[in-house]
Amino acid sequence: MMDKRGQFSSKIGFLLAAVGSAVGLGNIWGFPTQAASNGGGAFVLAYLLLAFLLAYPALMAELVIGRYARANIVTALGDLGKQPHTRLLGKAVGYYGVLIASLILSFYAIVAGWMLAEFGQPLTQLIGWHSAAQWLAQESILRNLIVALVFMALTIWIVARGVEAGIEAWSTRLMPVLFVILLGLIVYVLFQPGATQGLRTYLVPDFRQLTDPALLLSAMGQAFFSLSLGVGTMLIYGSYLRKQDSLPRLGAAVTLMDTGIAFTAGLLIIPAMYVAQHHGVPIYGEGGELLAGPGLIFQVLPSLFDTMGTAGVGLSIAFFALMSIAALTSSISMLEAPVSVTVERTQLQRPGAALAIGAAIFVVSVLIIFNMETLFGFIISLTTEYSQPLLGIALCIFVGWIMHRNHVLEELKAGHKDIEHSVFWKVWPFYVRVICPVLILLAFVQSLRG
Ligand code: PFF
């Protein structure tokens, strides 16, 4: 089985794929709007603290287990324990993780489909396909189904091609484009009237809001969601990493880039909202809160682009290309989690597995599209707010209590010779064993009581 496993061809290949997984709709849309409506700079601070204190150690747990086991999450966790019951527990946690990855993909594909529609609309308009543009602009169940299907088909196609030719190749092509578009848009927006007020709302902290327990859960959920944790995607990417690469450094680079891009995206989204306000577009909801949900992305920003004439058309295409790329490099990592389990544990080949699992997940997307009111919000909070942090605890416990300490050390040493004498090795093992699970649990209980 070993020889048919894929592998990233280089450190940078891994980095772009892992950052591609981490940087998604959560960074560009979720993070800035949560920050703006939850105390600005105070939320940014809480998020950064949680990302480095809780999410980074948990990310390291996934990378260590993945590269040590060189296997998918089910096999990796199932093989860590010595006793039958710990092995069974490992498998159960692994299957739960890939189930959650699949459920995340089921709603993510719907939202990503909307992004594709918004991207295609000005483009089709530009080349004179007016009826196509009109169809894309009109919100309908059929349109939502088709654009989600197109997005899912792209995801399946990339995952079917494999680790190097699919995931790595496409992350390496798309991520630099994402960086360039993001920076270009920020420079443009920051020079527009109204932008400074947006910067103020985004960055000036209102610490009173930090005592709200619900906020803590959102910030933690956001940190775990943003780093794609708990569901086996980082674990499987870690398993495709070469032995000579340093895990703590790569993990830190992924965390830094992910939080950096989330922060940077805030410099685009929030000022853009205030530029829109300057153009007469309403940006507050009925209760006086800043619009954050679909209203922001699909009404405020498009109305802003509309007021900008020809420049607006270009901006709109660039912005929704950015969103679609961010979504795609994340969705391939979500699909890879169940596909890797299937390919490594059954006789099914990768293309067949990708197609079958992608199709099954799309069926769930269809169910959600037909029951938006009841299912959409429910699946999002079940997966991202509850399951991801709990799975994070489980992974910390596996690496801290079940995996042999010598094996952990050997795995880290493989790419980092003097790790034993580093601060990382002095702090992390105890931290991931005790502090991390307790802190995640506390934040969790606190929020449930609140
Ligand atoms: N990290 C992605 C984002 O911020 O949008 C979402 C995500 C990707 C969650 C992969 C889970 C996952 F397995």
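Residues numbered from 1 in each chain as written. Predicted model: local features only at pLDDT ≥ 70, side-chain atom pairs only at ≥ 80, totals over all residues. Heavy atoms only, no water.

A.B. asks: Quick question: what am I supposed to make of the overall build of the protein here?
C.D. replies: Helix and strand content of the protein: 18 helices and zero strands. Overall, the C-alpha framework of the protein stretches about 65 × 50 × 40 Å when taken along its three principal axes. Looking at the protein as a whole, 59% of its 450 residues are labelled buried. With the model as given, the accessible surface of the protein reaches about 18100 Å², and the carbon-plus-sulfur share is 67%. (Helix = DSSP H or I, 4+ residues; strand = E, 2+ residues; numbered from the N terminus. Buried < 20%, exposed > 50% of the residue type's maximum accessible area, 1.4 Å probe, protein only. Areas by Shrake-Rupley, 256 points an atom, 1.4 Å probe, with all protein chains shown as cover.)

A.B. asks: Teacher, can you tell me more about helix α3 (residues 41-69) here?
C.D. replies: Each α-helix turn comprises 3.6 residues. Residues three or four places apart therefore point the same way. Taking 1.5 Å per residue, 29 residues should reach 42 Å; α3 reaches 40 Å between its end C-alpha atoms and fits that length. Residue A55 marks the point of greatest curvature in α3, where the axis turns by about 35°; the proline P57 follows within four residues. When you tally the buried positions in α3, you get 22 out of 29 residues, the bulk of the element. (Expected span 1.5 Å × (residues − 1). Bend = angle between axes of the 7 residues up to and from the residue.)

A.B. asks: Just checking my understanding: could you explain the side chain of T384 for this structure?
C.D. replies: By the secondary structure assignment, T384 is in helix α16 (residues 372-402). Judged by relative accessible area, T384 falls into the buried class, the value being 9%. Separated by 2.7 Å, the side chain of T384 and the backbone oxygen of I380 make a polar contact. What T384 contacts, discounting residues up to four positions off in sequence, is F107, G221, F225 and P389. (Polar contact = N/O pair within 3.5 Å; in protein donor to acceptor, adjacent residues only side chain to side chain. Contact = heavy atoms within 4.5 Å.)

A.B. asks: What is the right way to read the layout of surface pockets from this model?
C.D. replies: Over the atoms a probe the size of a water molecule is rolled, and this reveals where empty space is left. In this model, the largest pocket occupies a volume close to 620 Å³. Counting residues per element, the lining of the largest pocket draws most heavily on helix α2 (residues 25-37), which supplies seven residues. Of the residues contributing to the lining of the largest pocket, the split by class is 11 nonpolar, 12 polar and one charged. (1 Å grid on protein atoms, 1.4 Å probe; cavity = no way out; pocket = protein on both sides within 12 Å on 5 of 7 lines; lining within 4 Å. Points joined across faces, edges and corners; volume = space filled by probe spheres on them. Nonpolar A, V, L, I, M, F, W, Y, C, P; charged D, E, K, R; others polar.)

A.B. asks: Where do I start with the packing of aromatic side chains in this structure?
C.D. replies: Using the criterion set out here, one finds 17 aromatic pairs in the structure. Centre to centre, the rings of F8 and F14 are 5.8 Å apart; their planes meet at 70°, and the pair counts as edge-to-face. According to the relative accessible area criterion, F8 is buried, its value standing at 1%. Judged by centre distance (5.2 Å) and plane angle (15°), the rings of F424 and W428 are stacked. Taken together, the residues F424 and W428, both in helix α18 (residues 423-449) and four residues apart, mark about one turn of the helix. You'll find F424 and W428 in the same group, each marked buried. (Phe/Tyr/Trp six-rings, centres within 6.5 Å; stacked < 30°, edge-to-face > 60°.)

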